[in-house]
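Tertiary structure, described
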Amino acid sequence: MIDAGVLLVALLTQQFEQRGFIENSTAVYPQTAPNDSGRVVDDLLFREEASYKFAPWFTVSGAFDARTDSHRQTARDGVVDADDRSIQRPAFSVRRMSATIHRGKVTAEIGRQLIRWGKTDILNPTDRFAPKDYLSSVVDTDFLGVSAARVTYESGGDTVDLVWQPWFTPSRTPLLDQLWTALPPEAAGVSIVDAGARYPGGSQYGARWNHIGSGYEYSLCFFDGFQNLPSFDALLTPVTASVALTRTYPDLRLYGGDAAVPLPWLTIKGEAAYFTSSTPGAEEYALYVIQLERQVKEWSFVGGYAGSVVTRDSASPLQFAPDRGFAKSFVGRAGLTIDASRSLAIETAVRAAGSFVRFEYSQLFGQHWRATGGIAWIRGDMTDFLGEYRRNSYGSLAIRYSF
Amino acid sequence: MSKLFLLAALALPVFAQDPRQIILEVQKRQHADSERYEGTLEVTSQGNQVATKRWVYQRIGSFGNSKAILRFTAPAEVKGVGLLIVNHPARASDQWMWRPAIGRDQRIALQDRSTRFFGTDFSFEDLEERDVDQYDYKLLADEGGMWKLESRPRKSSQYEYSYFWIKKDNYTFVKIEAYNKKGLVRTIDYKNYEQIKGIWTARLTEVYDVTRKSRTVLKYEKLEYNLPMKDDDFTLQALRRDL
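Residues numbered from 1 in each chain as written. Chains lettered and ligands numbered in written order. Predicted model: local features only at pLDDT ≥ 70, side-chain atom pairs only at ≥ 80, totals over all residues. Heavy atoms only, no water.

Some remarks on the pattern of salt bridges
One pass over the structure, following the stated rule, counts 51 salt bridges over all chains. A salt bridge links R67 of chain A to D43 of chain A, with the shortest nitrogen-to-oxygen separation between them at 2.8 Å. Note that R67 of chain A is positioned in strand 3 (residues 58-69) and D43 of chain A in strand 2 (residues 40-55), a separation of 24 residues in sequence. Note that D189 of chain B and K175 of chain B form a salt bridge whose closest N and O atoms lie 3.5 Å from each other. Of this pair, D189 of chain B sits in strand 11 (residues 183-196) while K175 of chain B sits in strand 10 (residues 173-180), placing them 14 residues apart in sequence. (Salt bridge = Lys/Arg side-chain N within 4 Å of Asp/Glu carboxyl O. Helix = DSSP H or I, 4+ residues; strand = E, 2+ residues; numbered from the N terminus.)

The following block contains the structure:
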């Protein structure tokens, strides 16, 4: 009987996988912003990810976040959130809760999950099922899960990916009364309030075909849904000198593709997408990235250019568009693996009117603790997406315990 | 049958004096259609700091026409990170890394085979399967039950030449010394040999990086050969399926 119990526990343990971490990160801003006098933001995050394989073909996976911070970026109502539509981060959220079925060449994942498309780094024009959390920084972001059904068919070097997302998840934008919302000087003295959002109804769909050939790979993709970055409708109340901003999310259709070609001296990667919209006044544009990668001993280098072409201007000047904000820039990343425990990374986007450089040093202590210190330096004009955050250069320290 | 075996056994040492044939015989004896092991890797840096990594490794196919998935199980922060390696006979391998934290696979640029493998003292070139035709071999010594061979790469390599010590009785590597233009770069020692499914297998490999004065020990646990495996389990989808 005891032997049977031991056997059962051993069997269950074999099928159960988990990992997680608790991380405290502190950002220190030498300058304050007109709408935010805070200089120090502390954030505490607990993340647990687990999966259980009921059968070789059936796995259930979940990920749960619990967090709090010193800057009211996280709600304190204690509600467990599963759709990520709140303007504050939820204190408790379900990042992933999905079932994966795998039979032969077909894999289906249903539920809340991360879906990532594209091949380039720093900017991914085709990555449309991956809303981001820009609340703490527009230059260092995390991805949000989406509720979707994803079916993937893989045969030889070909993969077809079909996604249906019945429930829209927007990117989380910076709070209006905090430093990552950059207000123009003309807004001084005007009270700006969040008037909520008009979320689109209906589903989002996408399809992607990826082909791996001999010495190259490429993909073509299509997306029909909504922009996950908001435009704003402004309602001015002159008597109270206040502006109420309502977030709206235009229709979006994407035609895109990406490619990677490893050559003897470097790897070339490219990604491009053309975005159209049936929403009156919504912008239509193309985004593209071409990058070169090279590994030299313990250094890895990625450098390239992100460009954009606007084919129809937006009727609304009020948009939060970091994807286009990073375009028309030379982008680069360099990483150094010093040894098995230590690494350095430098990331940059540079253009005439605005630029940022982020430097990170990271060290593992023992098997569980990691400390990561960094500096992000942002410069530019108020007319530039990056430049408008020039007051937000910051230093950061993150201490993580992984288990 | 026994006569044939005896003939083969008598013929082998004569035939094996050709250094290229010795290497071919080593590879023939190590051939397995699939392999699985759990690896524990300890990196001891010059300052005696020890970093430990663990992974599960699975391979299907062999010698230049194989696919492998390596999945980290420790330390906790890299648990679930996976590497898919597709080896080709005529060109450098294709590699993709899966990072579960960002839910994305990324093709790895691997032009420089002297790059160290995840901060260890192995370079990617050290872990590649050796194509015999890409090297010139010379038999330097035949002593103490071992052959000492010199190997010079025909194609671009971080090494100018290497010395191999191979045991004559079971055709297994004992030691490799690898040199560049400046001198000795790395030593690799193969230890704790055991026979697994008829294949003599080192259960421990120790690499010493002479320049960095850093040492990496790789222990192979639960090693098995010729397990039934499917091609479908060595794809990008398979890489991202597990946690």
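Description of helix 2 (residues 19-30) of chain B
Residue and element names in this part refer to chain B. If you check helix 2, its first and last C-alpha atoms are 17 Å apart, about what 12 residues at 1.5 Å a residue would give, namely 16 Å. Turning to helix 2, its buried residues number three or more, namely P19, I22, I23, E25, V26 and Q27. At the N-terminal end of helix 2, a side-chain oxygen is found 3.1 Å from the backbone nitrogen of R20, two or three residues along, and the residue is D18. (Expected span 1.5 Å × (residues − 1). Buried < 20%, exposed > 50% of the residue type's maximum accessible area, 1.4 Å probe, protein only. Polar contact = N/O pair within 3.5 Å; in protein donor to acceptor, adjacent residues only side chain to side chain.)

Remarks on the packing of aromatic side chains
Tallied over the entire structure, the rule returns 44 aromatic pairs over all chains. Ring geometry for F129 of chain A against F223 of chain A: centres 5.2 Å apart, planes inclined by 80°, an arrangement best described as edge-to-face. With F129 of chain A in the loop between strand 6 (106-113) and strand 7 (132-133) and F223 of chain A in strand 13 (residues 216-226), this residue pair connects regions lying 94 residues apart in the sequence. With respect to class, F129 of chain A is no different from F223 of chain A; both count as buried. Counting every residue linked through ring pairs, the aromatic cluster contains Y29, Y134, W180, F320, F326, F356, F385, Y389 and Y394 of chain A. The cationic tip of R116 of chain A hangs over the ring face of F143 of chain A; the distance from NZ or CZ to the ring centre is 3.7 Å. Residue placement shows K148 of chain B over the ring face of Y163 of chain B; its charged tip is 4.5 Å from the ring centre. (Phe/Tyr/Trp six-rings, centres within 6.5 Å; stacked < 30°, edge-to-face > 60°. Lys NZ or Arg CZ within 6 Å of the ring centre and 35° of its normal.)

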